[in-house]
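Examining the three-dimensional arrangement
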Amino acid sequence: MLTAGPIDAYVASLRGALRGPRAAKADLVTEARDGLADAAQRYEADGLDRLDAERAAVEEFGPVAALAPEYQRELALAQGRRTAIIVGAAVALQALVSEVAWRRAAVAWSWEPGRAYLILARTVDYATYAVVVGALLAALACGIGSRYVDVGRRFVRATGIAAIATVAFFVAGGVLLSVFSPTWGHGNTGGATDLSLAASAITFTLPAVMTFSGLRCVRAS
């Protein structure tokens, strides 16, 4: 059975210490491996054998415990940016689909919503705008904005928690708007079946995607 060399063991330890998007994590680990390999080649050129050269390269690179936090910050920012984009896009798409479905179904209604219903509907609308704008700002802060604004793992954790809270708010708001609409308990309005099925699929899928991404944000932070 072959024993992993010092570089392989170091890279495996670093990989196990990191949490975040797979592609970004793979890039960082590959970068570390390449750096170690280059250092080992220099030590070999100075006369060390391969094993000692790898050991010297690992020692020069520093312990995983010292390197991992900075790498983890990069991964956390990548996950925060991804989550913000997912939340912004999902909320905007959900709002668009809901608006189209609502207008299609309302053609057959002879119903005037009460004041409380209108307040709830407008609150959901305004919250949609706020979330989309906030998600865009968070994505920028976790991306190019991190060069100018001091954002780190706490910000990413807050982004993940906000994503989960957003799901809870819109699910609750959507349920209330549906329960108090004139179609509740009366089935689909004629001619809107396909749209209703599409809207239902999106309604159930998007919150799950946002929640999963939010949890990954918290884990990466």
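Within each chain, residues carry numbers counting from 1 in the order of the written sequence. Owing to the predicted nature of the model, reporting of local features is limited to residues with pLDDT of at least 70; listing and counting of side-chain atom pairs is limited to 80 or more, with chain, interface and lining totals taken over all residues. Only hydrogens and water are set aside when side-chain values are computed; all heavy atoms of the structure are taken into account.

Focus on the pattern of salt bridges
Salt-bridge detection follows one rule: a side-chain nitrogen of Lys or Arg within 4 Å of a carboxyl oxygen of Asp or Glu. Using the criterion set out here, one finds six salt bridges in the structure. Across the salt bridge formed by Glu-54 and Arg-50, the nearest N and O atoms sit 3.1 Å from each other. Here Arg-50 and Glu-54 lie together in helix 3 (residues 50-61), a separation of four residues that amounts to about one turn. A relative accessible area of 11% means that Glu-54 is categorised as buried. We note a salt bridge from Glu-74 to Arg-73, for which the minimum N-O separation is 3.4 Å. Classification of residues uses two cut-offs on accessible area relative to the type maximum, computed with a 1.4 Å probe and protein chains only: under 20% is buried, over 50% is exposed, and between them is partly exposed. Its relative accessible area of 37% is what places Glu-74 among the partly exposed residues. Bridged by salt links that share partners, the residues Glu-44, Arg-50 and Glu-54 form one connected network. Labels follow the DSSP assignment, with helices taken as runs of H or I lasting at least four residues and strands as runs of E lasting at least two, numbered in each case from the N terminus.

Digging into the environment of Thr-203
As for its placement among the helices and strands, Thr-203 is situated in helix 7 (residues 193-220). Judged by relative accessible area, which is 35%, Thr-203 ranks as partly exposed. In the structure, Thr-203 is positioned 29 residues away from Gly-174 in sequence and 9.0 Å away in space, judged by C-alpha atoms.

Brief notes about the layout of surface pockets
We place a 1 Å grid over just the protein atoms. Points where a 1.4 Å probe fits but has no way out form a cavity, open points with protein on both sides within 12 Å along at least 5 of 7 lines form a pocket, and any residue with an atom within 4 Å of a point lines it. Grid points are joined across faces, edges and corners, and a volume is the space filled by probe spheres set on the points. Estimated volume of the second largest pocket: approximately 170 Å³. Lining the second largest pocket are Ala-84, Val-87, Val-131, Gly-134, Ala-135, Ala-138, Phe-155, Ala-158, Thr-159, Ala-162, Ala-163 and Thr-166. Only Asp, Glu, Lys and Arg are considered charged in this grouping, and only Ala, Val, Leu, Ile, Met, Phe, Trp, Tyr, Cys and Pro are considered nonpolar; every other residue, Gly among them, is considered polar. Split into classes, the residues belonging to the lining of the second largest pocket amount to nine nonpolar, three polar and no charged.

Structural notes on a negative patch on the surface
Together, Asp-27, Glu-31, Asp-34 and Asp-38 line one region of the surface with negative charge. For Glu-31, a relative accessible area of 49% corresponds to the partly exposed category. Like-charged residues are merged into a patch within 9 Å and nonpolar side chains (Val, Leu, Ile, Met, Phe, Trp, Tyr) within 5 Å, provided each residue has over 30% relative accessible area and no salt bridge. Reported accessibility uses the Shrake-Rupley method at a 1.4 Å probe radius. Residues are deemed covered only where the shown protein chains occlude them. In this count, Lys and Arg are taken as positive residues and Asp and Glu as negative ones, while His and the chain termini are left out. Here the site of a charge means atom NZ of a Lys, CZ of an Arg, CG of an Asp or CD of a Glu.

Details of the side chain of Gln-72
Within the secondary structure layout, Gln-72 lies in helix 4 (residues 64-106). A 3.5 Å cut-off defines polar contacts: any pair of N or O atoms within that distance qualifies, except that in protein one atom must be a possible hydrogen donor and the other a possible acceptor, and neighbouring residues in sequence count only when both atoms are side-chain atoms. Only 2.5 Å separates the side chain of Gln-72 from the backbone oxygen of Arg-19, close enough to count as a polar contact. If near-sequence neighbours (up to four positions away) are discounted, Gln-72 is found in contact with Ala-17, Leu-18, Arg-19, Arg-153 and Ala-220. A contact between two residues is defined here by any heavy atoms of the two lying within 4.5 Å.

Quick notes on the confidence of the model for the protein
Scored by pLDDT, the protein comes out at a mean of 84, with 86% of its residues at no less than 70. Confidence of the predictor in every single residue is expressed as pLDDT, which spans 0 to 100. Across residues 186-192, confidence stays below pLDDT 50; counting only partners more than four residues off in sequence or on other chains, it has eight contacts.

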